[in-house]
Amino acid sequence: MEVKNIVVDVVDNDRSTLSQQIVHSIETSNYFVFNGQKPTYQAALEEIETCKADVVLVIPPDYEKDIVKNSVGGNLHSPSVLIAANAVNGTKGSMGSAYLSQIVAGQASFSQALTSRQPILNSQFSILNLYNKNQDYKLFMIPALIAILIMMLCGFLPALNIVGEKEVGTIEQINVTPVKKWEFILAKLIPYWLIALFVMSVCFVLAWLVYDFTCQGNLALVYLLAMLLALFWSSFGLIISNYSDTMQQAIFVMWFFVVCMMLLSGLFTPTRSMPDWAYATTYVNPMHYFIDGIRTVFIRGGDFSSIAHQVYALLAIGLFMAAWAVRSYRKNS
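A quick note: this is a predicted structure, and the numbers were derived from the prediction, not measured. (Residues numbered from 1 in each chain as written. Predicted model: local features only at pLDDT ≥ 70, side-chain atom pairs only at ≥ 80, totals over all residues. Heavy atoms only, no water.)

1. Quick word on the confidence of the model for the chain
Alright, step 1. Confidence along the chain averages 83 in pLDDT terms, with 89% of residues attaining 70 or more.
Alright, step 2. Across residues 118-123, where pLDDT falls below 50, the model places five contacts with residues more than four positions away in sequence or in other chains. (pLDDT = per-residue confidence, 0-100. Contact = heavy atoms within 4.5 Å.)

See the structure below:
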């Protein structure tokens, strides 16, 4: 989800201290590849047309002088710069423009604070990230992606297994045996639970070896959350398989609920940015509780008291769905 290696050309028509500070900020950024300064905008535009550059930053003449006048004398004319991006790759162009805008705005604000009559302390502020200090997107996403892993292994596979037996007719042979309903259901679910826990353990080892990410809290709490989510998805998959007659029907119904729960869980976007009606769905969305809980333990190092709300919510939803799954399974003894 991060965009890096954005090639930037700069046309500096000001040649001032402020413009050089902007250029140095671009050079030291991890997101940009500084391609040098060009004499004119036309020369820089030719490099965009030949895909040698992604974004062009044009600093107008007297840019620093206008910034000073605007901060000291209250000049009505607010100075501005030109940012031109290659829109062939829309994501790279838009993100590159946004990154450049932040750099330019930050340098301009600092320059205004230096020349204004107000203290710099009133104009500037700093942000301290307590947990994900480098704002690494991978650290934020890798724990949450375990939810998708559990959903696929413990939700889809058991549901398709039982529906597949319905299609070939072997489920009828099981139904006439003296095996109890809960015994049959556990026999179908336990192998997938064990596989999911094994694969999840492998993912944690790979996260440590490849990205040097380790769990900051008690890893047992992560497995507790995973088992509760596995209970929900297994029960949910069984419910769908009990009401489905074909594998195609089960896949479509399962996929409908999976997409809704995943997109409204906070996996990719913060839930607080959702409309009120969409945020209300998180109260009954087990994916939201799991993702919130695993990020609390894995990134922040939280203890059980920090995720007690998520654990109890997952347990309640999981037990309700498990009871529904056992009750909805029709077995002829």
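2. Section: the packing of helix 6 (residues 137-168) against helix 12 (residues 286-298)
Any two packed helices are characterised by how steeply their axes cross, that is the angle between the axes, and by the distance between the axes.
Alright, step 1. One can describe the packing of helix 6 onto helix 12 by two numbers: an axis separation of 9 Å at closest approach and a directional angle of 140°. Considering the angle they form, helix 6 stands oblique to helix 12. The interaxial crossing formed by helix 6 with helix 12 has right-handed handedness. Contacts from L139, F140, M141, P143, A144, I146, A147 and I150 in helix 6 reach M287, F290, I291, I294, R295 and F298 in helix 12.
Alright, step 2. Considered class by class, the residues forming the contact of helix 6 with helix 12 number 13 nonpolar, no polar and one charged. (Axes fitted to C-alpha atoms, helices over the stretch in contact; angles between N-to-C directions. Helix = DSSP H or I, 4+ residues; strand = E, 2+ residues; numbered from the N terminus. Parallel < 35°, antiparallel > 145°, perpendicular 65-115°, else oblique. Left-handed = near helix turned anticlockwise from the far one by under 90°. Nonpolar A, V, L, I, M, F, W, Y, C, P; charged D, E, K, R; others polar.)

3. What about the packing of aromatic side chains?
Remark: the centre distance and the inter-plane angle together describe each pair of aromatic rings, the angle taken between the planes.
Alright, step 1. All told, the structure shown has 14 aromatic pairs when counted by the stated rule.
Alright, step 2. Judged by centre distance (4.7 Å) and plane angle (40°), the ring pair of Y31 and Y99 falls under tilted. Here Y31, found in the loop between helix 1 (17-28) and strand 2 (32-37), pairs with Y99, found in helix 4 (residues 90-115); they are 68 residues apart in sequence, far enough to count as distant.
Alright, step 3. With a centroid separation of 6.3 Å and 85° between ring planes, the pair formed by F204 and Y223 is classed as edge-to-face. Highlighted residues: F204 in helix 8 (residues 181-211) and Y223 in helix 9 (residues 219-243), separated in sequence by 19 residues.
Alright, step 4. On the basis of relative accessibility, which here comes to 23%, the residue Y223 falls in the partly exposed class.
Alright, step 5. Through successive ring pairs, a cluster of aromatic residues spans F232, W233, F236, F256 and F257.
Alright, step 6. Sitting over the ring of F140, R295 keeps its end group 3.7 Å from the ring centre. (Phe/Tyr/Trp six-rings, centres within 6.5 Å; stacked < 30°, edge-to-face > 60°. Buried < 20%, exposed > 50% of the residue type's maximum accessible area, 1.4 Å probe, protein only. Lys NZ or Arg CZ within 6 Å of the ring centre and 35° of its normal.)

4. Brief notes about the pattern of salt bridges
Alright, step 1. Within the structure shown, the criterion is met by two salt bridges.
Alright, step 2. The salt bridge involving K38 is made with E47; its shortest N-O contact spans 3.3 Å. Each member of the pair, K38 as well as E47, carries the same accessibility label: buried.
Alright, step 3. K65 is the salt-bridge partner of D62, the closest N and O atoms lying 3.9 Å from each other. (Salt bridge = Lys/Arg side-chain N within 4 Å of Asp/Glu carboxyl O.)

5. As for the layout of surface pockets
Alright, step 1. The calculated volume of the second largest pocket comes to roughly 500 Å³.
Alright, step 2. What lines the second largest pocket is a set of 12 residues, and nearest its centre among them are S29, Y31, Q102, N134 and Q135.
Alright, step 3. By residue class, the composition of the lining of the second largest pocket is four nonpolar, five polar and three charged. (1 Å grid on protein atoms, 1.4 Å probe; cavity = no way out; pocket = protein on both sides within 12 Å on 5 of 7 lines; lining within 4 Å. Points joined across faces, edges and corners; volume = space filled by probe spheres on them.)

6. Structural notes on helix 10 (residues 247-263)
Alright, step 1. Here helix 10 contains 17 residues, and its C-alpha end-to-end distance of 24 Å stays within 8% of the 24 Å for a straight helix at 1.5 Å per residue.
Alright, step 2. Where helix 10 is concerned, the buried positions are A250, M254, V258, M261 and M262. End-on, the buried residues of helix 10 take up no more than an arc of 90°, which puts them together on one face. Turned more than 90 degrees away from the buried face of helix 10, the exposed residues are Q248, F252, F256 and L263. (Expected span 1.5 Å × (residues − 1). Arc of directions from axis to C-beta.)

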